[in-house]
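# What the coordinates show
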Amino acid sequence: MNALLQPDATEADAASVAELRLHLHLRGAVQGVGFRPWCAQQALALGLNGWVRNDAAGLQCEVQGPAAALRVFTQRLRQSPPPLARIDALQQTPQTVRSDEAGFRILASDAGAALATGLPADAAPCADCLDELFDPADRRHRYAFINCTHCGPRFTITQRLPYDRPNTSLAGFPLCPACAREYRDPSDRRFHAQPVACPACGPQLALWQPDGTPIAGVDPLAEAARRLAAGQILAVKGVGGYHLVCDAR
Ligand SMILES: [Zn+2]
Ligand SMILES: [Zn+2]
């Protein structure tokens with residue numbers, strides 16, 4: 001039996017139907033905000049099958065399972081989506097239940113439709129990343145390019161949509177085994193984080209002469225501080241632009 005699952009379905013409705021399947025289409029700030037891993041994590045926790053993928057208009061998701069669990073999924077979607085997400089429109093269509101599917105998958109993005117999704121915005125480091133940044137025991141201790149599913153560069157690194165690593169400036173930085181493990185682990189807070197990086201595999205700080213020649217053999221931060229103290233002016237390339245830095249005294 002196939003039935004419509006409305007947000008206001010009663011407990012009796014939920015209990016009367018064994019399995020339901022729903023197609024969800026989301027528009028708004030739904031790419032580059034950790035929505036695909038969020039769906040996968042919720043589905044895993046609730047025992048739902050299905051898939052999620054970015055398309056050029058937003059995000060599509062199909063979920064299948066007991067009606068009550070599906071209702072919890074759509075409630076969480078409305079009430080507690082990923083922190084950086086903003087849902088402008090949510091279209092919900094019942095589907096025929098499938099029996100040829102096990103588990104929940106993140107599918108390759110569909111770039112076919114017309115581009116209607118916004119570029120995701122850059123986000124300042126979250127509290128968890130700042131904790132790691134200043135933890136001497138963490139493998140990302142003092143790593144300038146730290147980020148996770150819920151923070152980090154997005155707009156600045158996106159070259160085209162859909163928002164996937166090969167479409168960002170991180171494409172040239174293949175993941176090391178440790179980062180690849182985090183990226184693949186649904187329980188990890190970097191699960192499916194497109195810009196994931198670490199000192200072993202990600203971008204590095206570099207200090208350049210005004211003519212573009214790299215200055216080799218120095219710690220870029222320590223050398224930058226030394227030059228500032230000596231009265232030089234620095235241009236610091238950051239997320240989204242350059243800061244000019246000098247000792248104003
Ligand atoms: Zn973070
Ligand atoms: Zn790495």
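Residues numbered from 1 in each chain as written. Chains lettered and ligands numbered in written order. Predicted model: local features only at pLDDT ≥ 70, side-chain atom pairs only at ≥ 80, totals over all residues. Heavy atoms only, no water.

As recorded in an unreviewed UniProt entry, the chain goes by the name acylphosphatase, listed as coming from Sphaerotilus microaerophilus. Its UniProt record, at the heading Catalytic activity (unreviewed entry), says of the chain: "an acyl phosphate + H2O = a carboxylate + phosphate + H(+)". (UniProt positions renumbered as here; feature names shortened; annotations may be inferred.)

### Some thoughts on the overall build of the chain
Along the chain, the regular secondary structure elements total 6 helices and 7 strands. Listing every helix and strand of the chain by position from the N terminus yields α-β-α-β-β-α-β-β-α-α-α-β-β. A burial count over the chain gives 42% of its 249 residues as buried. Partitioning the contacts of the chain with sequence separation of at least 6, the portion at a separation of at least 24 is 69%. When the accessible surface of the chain is split by element, carbon and sulfur atoms take 56% of a total near 13,300 Å². (Helix = DSSP H or I, 4+ residues; strand = E, 2+ residues; numbered from the N terminus. Buried < 20%, exposed > 50% of the residue type's maximum accessible area, 1.4 Å probe, protein only. Contact = heavy atoms within 4.5 Å. Areas by Shrake-Rupley, 256 points an atom, 1.4 Å probe, with all protein chains shown as cover.)

### Some words on the coordination of the zinc ion (ligand 2)
Protein coordination at the zinc ion (ligand 2): the donors are C176 (SG), C179 (SG), C198 (SG) and C201 (SG), at 2.3 Å from the metal. Between the 4 donor atoms coordinating the zinc ion (ligand 2), the angles at the centre fall across 104 to 116°, so the site counts as tetrahedral. Positions of the donor residues of the zinc ion (ligand 2), expressed as sequence spacing, correspond to C-x2-C-x18-C-x2-C. The class for C176 is buried, based on a relative accessible area of 13%. (Donors = N, O, S within 2.8 Å, 3.2 Å for Na, K, Ca; no water. Tetrahedral: all angles 85-135°; square planar, octahedral: opposite > 155°, others 65-115°.)

### Brief notes about the coordination of the zinc ion (ligand 1)
Looking at the zinc ion (ligand 1), the protein donor atoms are C126 (SG), C129 (SG), C148 (SG) and C151 (SG), and they sit 2.3 to 2.4 Å from it. What the 4 donor atoms of the zinc ion (ligand 1) show is an angle range of 102 to 118° at the metal, which sorts the shape as tetrahedral. Read in sequence order, the donor residues for the zinc ion (ligand 1) give the motif C-x2-C-x18-C-x2-C. In this pair, C126 sits in the loop between β5 (104-106) and α4 (127-133) while C148 sits in the loop between α4 and α5 (177-184), placing the two residues 22 residues apart along the sequence.

### As for the sheet that holds β5
Sheet architecture is open: 5 strands sit in the order β4-β1-β3-β2-β5, paired in mixed fashion. Strand pairing shows two members of the sheet lacking a second neighbour, β4 (86-95) and β5, which therefore form its edges. Sheet twist, expressed as the average angle between the axes of neighbouring strands with direction ignored, equals 15°. In terms of strand pairing, strand β2 (residues 49-55) meets strand β3 (residues 58-65) through 7 bridges, oriented antiparallel. Counterpart to N54 in the pairing with β3 is L59. Together, β1 (20-29), β2, β3, β4 and β5 form the strand contacts of helix α2 (residues 35-46), whose direction differs from that of β5 by roughly 170°. The sheet strands contacting helix α3 (residues 67-79) are β1, β3 and β4, and the helix crosses β1 at an angle near 5°. (Pairing = 2+ DSSP bridges. Axes fitted to C-alpha atoms, helices over the stretch in contact; angles between N-to-C directions.)

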